[in-house]
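Each chain is listed here by its residues.
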Amino acid sequence: MAKVKIQPLGDRVLVKHIEEKEQIKGGIIIPDAAKEKSQEAEVVAVGKGRLADDGKRIPMEVAVGDRVLISKYGGSEVNLGGEKFTLLREDDVVAILK
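Anyway, here's the lowdown on the structure attached to this text.

**Side note on the overall build of the chain**
A tally of regular secondary structure across the chain gives 0 helices and 8 strands. In the chain, the order of α-helices and β-strands from amino to carboxyl end is β-β-β-β-β-β-β-β. The buried share of the chain, taken over its 98 residues, is 26%.

**Digging into the packing of aromatic side chains**
Under the definition given, this model contains 0 aromatic pairs. Sitting above the plane of the F85 ring, K16 keeps its charged end 5.4 Å from the centroid.

**Some details on the side chain of D11**
Along the chain, the position of D11 falls in the segment before strand 1 (12-17). A residue is classified by how much of its surface remains accessible, and D11, at 6% relative accessible area, is buried. Setting aside chain neighbours within four positions, we find D11 in contact with G49, R50, M60, L88, R89 and E90.

**With respect to the nonpolar core**
The biggest cluster of nonpolar side chains holds 11 residues, and these are V13, V15, A41, V43, V46, M60, V62, V68, I70, L88 and V93. The element that contributes the greatest number of residues to this core is strand 2 (residues 40-46), accounting for 3 residues.

**Quick notes on the pairing of strand 6 (residues 76-80)**
Both strand 6 and strand 7 (residues 83-89) contribute to a ladder of 5 bridges, which runs antiparallel. Its bridge partner being in strand 7, S76 is matched across the sheet by L87.

About the cut-offs
Residues numbered from 1 in each chain as written. Predicted model: local features only at pLDDT ≥ 70, side-chain atom pairs only at ≥ 80, totals over all residues. Heavy atoms only, no water. Helix = DSSP H or I, 4+ residues; strand = E, 2+ residues; numbered from the N terminus. Buried < 20%, exposed > 50% of the residue type's maximum accessible area, 1.4 Å probe, protein only. Phe/Tyr/Trp six-rings, centres within 6.5 Å; stacked < 30°, edge-to-face > 60°. Lys NZ or Arg CZ within 6 Å of the ring centre and 35° of its normal. Contact = heavy atoms within 4.5 Å. Core = buried A, V, L, I, M, F, W, Y, C linked by side-chain atoms within 4.5 Å. Pairing = 2+ DSSP bridges.

If you want it as structure tokens, here you go:
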């Protein structure tokens, strides 16, 4: 994957969905438009963290390269350099896969 030149602001995270392997059962092929997007993603870029009410920065819990599960309808899709990414808040990341 090419290095993306983008820096999310605050507590935002840029992720790239990890494509699931296509399996054909019973000879039925599901078109791309009908497939749900994967909830598993790789973190590509992270912001510096959210600012607390007292002005201190709360550090991010995710880091570049982490494999994460994200909420199903969270974030905004963006196209960068011909690739699709999702930009979302850290709150929309529900788990880090180890």
